[in-house]
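# Overview (structure and organization)
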Amino acid sequence: MRVLGIAGSPRRGGNTDLLLGEVMRGAASRGAEVKTITLNNLKIAPCQHCDGCLEAGRCRVMDDMQMVYRELEAADRIVLASPIQFMAVTAQMKAMIDRCQALWARKYVLKMPPLGNRRGRKGLFISVGGRKVANLFEPALATIRALFNTLDIAYAGDLLFHGVDEKGAITKYPDALHQAFLAGQKLVEE
Ligand SMILES: Cc1cc2nc3c(=O)[nH]c(=O)nc-3n(C[C@H](O)[C@H](O)[C@H](O)COP(=O)(O)O)c2cc1C
């Protein structure tokens, strides 16, 4: 069981990083092989809509996204972590998601499995936002659900915390890190 964590925040050691770390620790405690990649350390250009992927099912843009495609293909569980920025996932996360258009093309145009023959993938979404407003997570959830649907990743759940703004404030949220640890365990047991 291989678990891929994808950190979408630009803030190292911030709130979503802490939650993601606990999810991965929980998964590892149940014997999973875990790997986390931090998008902010990578060079991932936005999708150029060149339509090159419609022919080959592969993206023509040669940057760090090529490594992310390989990691997605090798994973059984995928954990996406992004804070809310202007009511959406971060630009780092959105660039990675948009580059999955190549996998959309594989599936819907070329009628191939988007991530190869491995089946039964599941995904978890982690997010926090500084404010306490209604529907804070809805735009991000719509994006993540669209991605998971495209990649044939079953939605295994989410960890969403509002009113969490300063770096490390998630540690004051009752039980949040423990919930994340348990969610990591559950993710690999299901
Ligand atoms: C550019 C930017 C935009 C933000 N937009 C929102 C927002 O729309 N709603 C909100 O609740 N918080 C917003 N925030 C606050 C972050 O979601 C919050 O600080 C969060 O705890 C950061 O998580 P991190 O430590 O994982 O990066 C924004 C922060 C930044 C830097």
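The structure reproduced in this document is the subject of the present report. (Residues numbered from 1 in each chain as written. Predicted model: local features only at pLDDT ≥ 70, side-chain atom pairs only at ≥ 80, totals over all residues.)

### Re the overall build of the protein
Of regular secondary structure, the protein possesses 7 helices and 5 strands. Start at the N end of the protein and walk to the C end: the helices and strands fall as β-α-β-α-α-β-α-α-β-α-β-α. Its C-alpha atoms give the protein a radius of gyration of 16 Å, near enough to 16 Å, the size a compact globule of 190 residues would have. In the protein, which comprises 190 residues, the share counted as buried stands at 42%. (Helix = DSSP H or I, 4+ residues; strand = E, 2+ residues; numbered from the N terminus. Rg over C-alpha atoms; globule rule 2.2 N^0.38 Å. Buried ≥ 20, exposed ≤ 12 C-beta atoms within 10 Å, placed from the backbone.)

### Quick word on the site of the ligand
Gly14, Thr16, Pro83, Gly129 and Gly130 are the nearest of the 19 residues found near the ligand. The leading source of residues in the shell around the ligand is helix H1 (residues 15-29), at 3 residues. Residues of the shell around the ligand, tallied by class, amount to 7 nonpolar, 7 polar and 5 charged. (Near = placed C-beta within 6 Å. Nonpolar A, V, L, I, M, F, W, Y, C, P; charged D, E, K, R; others polar.)

### Describing the packing of H1 against helix H7 (residues 176-189)
Between H1 and H7, whose axes approach to 7 Å, the crossing angle comes to 40 degrees. On the basis of the axis angle, H1 is oblique to H7. As H1 packs across H7, the resulting crossing turns out to be right-handed. Residues Leu18, Leu19, Glu22, Val23, Met24, Arg25, Gly26, Ala27 and Ser29 of H1 touch H7, and the partners they reach there are Ala176, Leu177, Ala180, Phe181, Leu182, Ala183, Gly184, Gln185, Leu187 and Val188. The residue makeup of the contact of H1 with H7, split by class, is 13 nonpolar, 4 polar and 2 charged. (Axes fitted to C-alpha atoms, helices over the stretch in contact; angles between N-to-C directions. Parallel < 35°, antiparallel > 145°, perpendicular 65-115°, else oblique. Left-handed = near helix turned anticlockwise from the far one by under 90°. Contact = placed C-beta atoms within 7 Å.)

### Considering H1
Over its 15 residues, H1 extends 21 Å from the first C-alpha to the last, a length consistent with the 21 Å expected when each residue adds 1.5 Å. The element H1 is largely enclosed, with a buried count of 12 among its 15 residues. Those residues of H1 not exposed but buried are Asn15, Thr16, Asp17, Leu18, Leu19, Leu20, Gly21, Glu22, Val23, Met24, Gly26 and Ala27. Against strand S1 (2-7), strand S2 (33-38), strand S3 (77-81), strand S4 (122-128), strand S5 (154-161) and H7 lie the buried residues of H1. At the exit of H1 stands Gly31, carrying a positive phi of roughly 90 degrees. (Expected span 1.5 Å × (residues − 1).)

### Some words on the sheet that holds S5
The strand order across the open sheet built from 5 strands is S2-S1-S3-S4-S5, with neighbouring strands paired in parallel fashion. A single partner strand is all that each edge strand has here, and the edge strands are S2 and S5. Averaged over all adjacent pairs, the angle separating strand axes in this sheet is 15 degrees, with direction ignored. Alignment of S3 against S4, held across 5 bridges, turns out to be parallel. (Pairing = 2+ DSSP bridges.)

### Points about the environment of Gly130
The residue Gly130 is located in the loop between S4 and helix H6 (138-150) in this model. Among residues more than four places away in sequence, those in contact with Gly130 are Val164 and Asp165.

### Considering the environment of Cys47
Inspection of the secondary structure assignment puts Cys47 in the loop between S2 and helix H2 (53-56). For Cys47, a count of 18 C-beta atoms within 10 Å corresponds to the partly exposed category. When the C-alpha atoms of Cys47 and Thr171 are compared, they prove to be 36 Å apart, with 124 residues separating the residues in sequence. Setting aside residues no more than four positions away along its own chain, Cys47 makes contact with Asp98, Arg99 and Gln101.

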